[in-house]
Amino acid sequence: MVLQVQSSTYEAKTQEIAKQLLAVTQENRSFFASLRDQMRWDDKLLAWAMSNPGLRVQLFRFIDTLPALQSKSEIAAHLQEYLGEESVELPPALKGMLNFANPDSIPGQVAATTVGTAVETLAHKYIAGENIKQVIKTVERLRKEKMAFTIDLLGEAVITEAEAQSYLERYLELMQQLVEASKNWAAVPTIDEADGEKLPKVQVSVKLTAFYSQFDPLDAKGSEEKVSDRIRTLLRRAKELGAAVHFDMEQYAYKDITLSILKKLLLEEEFRQRTDIGITIQAYLRDSEQDAKDIISWLKQRSYPLTIRLVKGAYWDQETIKAAQKHWPQPVYNDKAATDANFEAITQLLLENHQYVYSAIGSHNVRSHARAIAIAESLNVPRRRFELQVLYGMGDKVAKALVDKGYRVRVYCPYGELLPGMAYLIRRLLENTANSSFLRQNLENRPVEELLAPPILKQSPPLPLPPLSPSLPRRDGY
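What counts and what doesn't
- Residues numbered from 1 in each chain as written.
- Predicted model: local features only at pLDDT ≥ 70, side-chain atom pairs only at ≥ 80, totals over all residues.
- Heavy atoms only, no water.
- Axes fitted to C-alpha atoms, helices over the stretch in contact; angles between N-to-C directions.
- Helix = DSSP H or I, 4+ residues; strand = E, 2+ residues; numbered from the N terminus.
- Parallel < 35°, antiparallel > 145°, perpendicular 65-115°, else oblique.
- Left-handed = near helix turned anticlockwise from the far one by under 90°.
- Contact = heavy atoms within 4.5 Å.
- Nonpolar A, V, L, I, M, F, W, Y, C, P; charged D, E, K, R; others polar.
- Core = buried A, V, L, I, M, F, W, Y, C linked by side-chain atoms within 4.5 Å.
- Buried < 20%, exposed > 50% of the residue type's maximum accessible area, 1.4 Å probe, protein only.
- Salt bridge = Lys/Arg side-chain N within 4 Å of Asp/Glu carboxyl O.
- Pairing = 2+ DSSP bridges.
- pLDDT = per-residue confidence, 0-100.
- Phe/Tyr/Trp six-rings, centres within 6.5 Å; stacked < 30°, edge-to-face > 60°.
- Lys NZ or Arg CZ within 6 Å of the ring centre and 35° of its normal.

> How do you make sense of the packing of helix α8 (residues 132-144) against helix α9 (residues 161-182) when you look at a structure like this?
Between two packed helices, the angle of one axis relative to the other and the distance separating the axes together describe the packing. Direction vectors running N to C along α8 and α9 enclose 45°, while the axes themselves pass 11 Å from each other. On the basis of the axis angle, α8 is oblique to α9. The two elements α8 and α9 cross, and the hand of that crossing is right-handed. Where α8 approaches α9, its residues Ile132, Ile136 and Val139 are matched on the opposing element by Glu173, Leu174, Gln177, Leu178 and Ala181. Taken together, the residues that form the contact of α8 with α9 break down as six nonpolar, one polar and one charged.

So, in structure tokens, the structure goes:
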């Protein structure tokens, strides 16, 4: 049975704007041809991975393991073990490269060096820099392209208090150096001001779990006490520097405690009037629309707006596997179209309440951005009250088209050492190779009408568990 999402008064305008955006990207060169021009070996690797599920799983397992390997011999041995299986289809050249007799042999060392370099090159595509100097160079390039930024310090798990304190101190240093560098940046009116209000040039994105090593919903009170002290320090320093802070959302288990802590803290007298702070909502969660409604109600009581960044979510595989293992209700939608429909519903909810909330719409889907613009223009939402976001290394052409149309676009830029950032890299690879990815569908020459069609909900039984290990959890971030 197929259900069509209820037509909206915004649909005609959505289609019009989406087609305009695609047309703009095609003015100088074909949008799809431009994307294809960027398809080097790394993109071909992604194409192989998508066409061969066995290769995809083994490749991501290898990349996940790579940071722990200490020598070229270990890399060669794992490379051969993971990718040398008969079930894994590889191009002949790559298959031949793995046909070495011994990991310590010259061919084995060459294979390890080649693949190690290749993975590092791939990581650079999605990671904005390995140190602050590099990330400053990246954001200065983005500003020349009239794009704002938010910086995320890579790091997947904090397991000691020393690491949590170090995480805070690294963010304080990051904000300090970015603000210092910003003093030499020429003003870019489309991103540095809106409706007569100056906007912070520097924004950082942080994860609540990284501020306390024992962050646990089962110890909500203890977690709140420990993590709140470090957040206060961060927010006070950000105010002194004139930087903005956005709080990311992580796994479903942390959602309620994260929202609870932030709501309490941002009602404290010294933070209540701050409007340069943001919270994230993940549209793939079944209760995300209710969460958005609750936050809007809370903001009405607070009397000062905050930003809600709306994304689709990056932990789909992990949430699905965990729910099945624990026999819990699945917190995420099974159907990608259901997530897309919910994303559009929440977009509308946020923009219709623009007097209470600033909206940041994060997506690589032209239709999602067009939908937000259609609603914002129909409601005459002030430019200060909404912006569009993309991930660094993804959706570059879409972002440029949005900038050229005069919209404020912010690029989410992760930075940090490449090896610890491998989990982030896998997240992006999974998103890039997901069959439902808008970017991937573009590369497959899907008709424009199909790409821009409203989400269609299919009533279907729960999905079987994906063939991924729990350590390879991510899909569909923005």
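> Got a minute to help me understand the nonpolar core in this structure?
Grouped burial of nonpolar side chains is what soluble globular proteins tend to show. Residues Phe149, Ile151, Val206, Ile231, Leu235, Phe247 and Leu266 are the most contacted members of the largest nonpolar core, which totals 94 residues. A total of nine residues in this core trace back to one element, the largest contributor, which is α9. Setting aside chain neighbours within four positions, we find Leu235 in contact with Val245, Phe247, Leu265, Leu266, Phe271, Arg274 and Ile277. With 20 residues, the next largest nonpolar core counts Leu59, Phe60, Leu83 and Phe100 among its residues.

> Help me understand the pattern of salt bridges, please; the structure alone is not making it clear to me.
Pairing of side chains with opposite charge becomes possible as their charged atoms draw close. Evaluation of the coordinates by the stated rule reveals 27 salt bridges. The partner of Lys312 in a salt bridge is Asp340, with the nearest N and O atoms 3.0 Å apart. On the criterion of sequence distance, the pair formed by Lys312 in the loop between β8 (306-311) and α14 (316-326) and Asp340 in helix α15 (residues 336-352) is long-range, its members being 28 residues apart. One exposure class covers both Lys312 and Asp340, and it is buried. For Glu387, the salt bridge goes to Arg408, with nearest N and O atoms at 2.9 Å. Of this pair, Glu387 sits in strand β10 (residues 386-391) while Arg408 is found in the loop between α17 (396-404) and β11 (409-415), placing the two residues 21 residues apart along the sequence. The buried category is assigned to Arg408, whose relative accessible area is 6%. Members of the salt-bridge network, linked through shared partners, are Glu11, Glu344, Arg367 and Arg371.

> Can you walk me through the sheet that holds β10 in this structure?
The strands making up a sheet associate through hydrogen bonds between their backbones, and the pairing can be parallel or antiparallel. Taken together, the eight strands give a closed barrel; going around it, the order is β2-β5-β6-β7-β8-β9-β10-β11, and neighbouring strands pair in parallel fashion. In this sheet, neighbouring strand axes are inclined to one another by 30° on average, regardless of whether the strands run parallel or antiparallel. Strand direction decides the pairing type here: strand β9 (residues 357-362) and β10, joined by four bridges, are parallel. By the bridge assignment, Gly362 is partnered in β10 with Gln389.

> Before we go on, may I ask you to explain the confidence of the model for the protein in this structure?
Fine structural detail should not be taken from predicted coordinates in areas where pLDDT scores are low. Summary statistics for the protein give a mean pLDDT of 85 and a share of 82% for residues scoring 70 or more. For the stretch residues 1-6, pLDDT sits under 50, and the model shows 14 contacts to residues farther than four places along the chain or on other chains. In the predicted structure, residues 463-476 sits below a pLDDT of 50 and forms 49 contacts with residues beyond four places in sequence or in another chain.

> Which parts of the structure should I look at to understand unusual backbone geometry?
Peptide bonds are mostly trans, and most non-glycine residues show a negative phi. Positioned with a positive phi, Asp195 is a non-glycine residue whose angle comes to about 55°. Here Asp195 is to be found in the loop between β3 (193-194) and β4 (197-198). With a relative accessible area of 54%, Asp195 lands in the exposed category. In this structure, His327 takes a positive phi of about 60° despite not being glycine. You can see His327 is positioned in the loop between α14 and α15.

> What exactly am I supposed to notice about the packing of aromatic side chains here?
Two aromatic rings are characterised by how far apart their centres lie and by the angle between their planes. For the coordinates displayed, the defined rule picks out six aromatic pairs. When the centroid spacing of 6.5 Å and the interplanar angle of 65° are considered together, the rings of Phe62 and Tyr82 count as edge-to-face. You can see Phe62 sitting in helix α4 (residues 53-65) and its partner Tyr82 sitting in helix α5 (residues 72-83), a full 20 residues away along the chain. By the burial criterion, Phe62 is buried, and Tyr82 matches it. Ring plane angle 80° and centroid distance 5.3 Å describe the contact between Tyr167 and Phe211, whose orientation is recorded as edge-to-face. One end of the pair, Tyr167, is in helix α9; the other, Phe211, is in the loop between β5 (203-206) and α11 (220-241), and 44 residues separate them in sequence. When sorted by exposure, Tyr167 lands in the same class as Phe211, which is buried. In this arrangement the basic side chain of Lys312 is found over the ring face of Phe343, its NZ or CZ atom lying 5.0 Å from the centre.

> In this structure, what is going on with α14? I would like to understand it.
Three- or four-residue spacings in an α-helix give side chains the same orientation, since the helix completes a turn every 3.6 residues. Here α14 has its buried residues at Trp316, Asp317, Glu319, Thr320, Ile321 and Ala323. Where α14 ends, the next residue or the one after it, His327, has phi of about 60°, a positive value.

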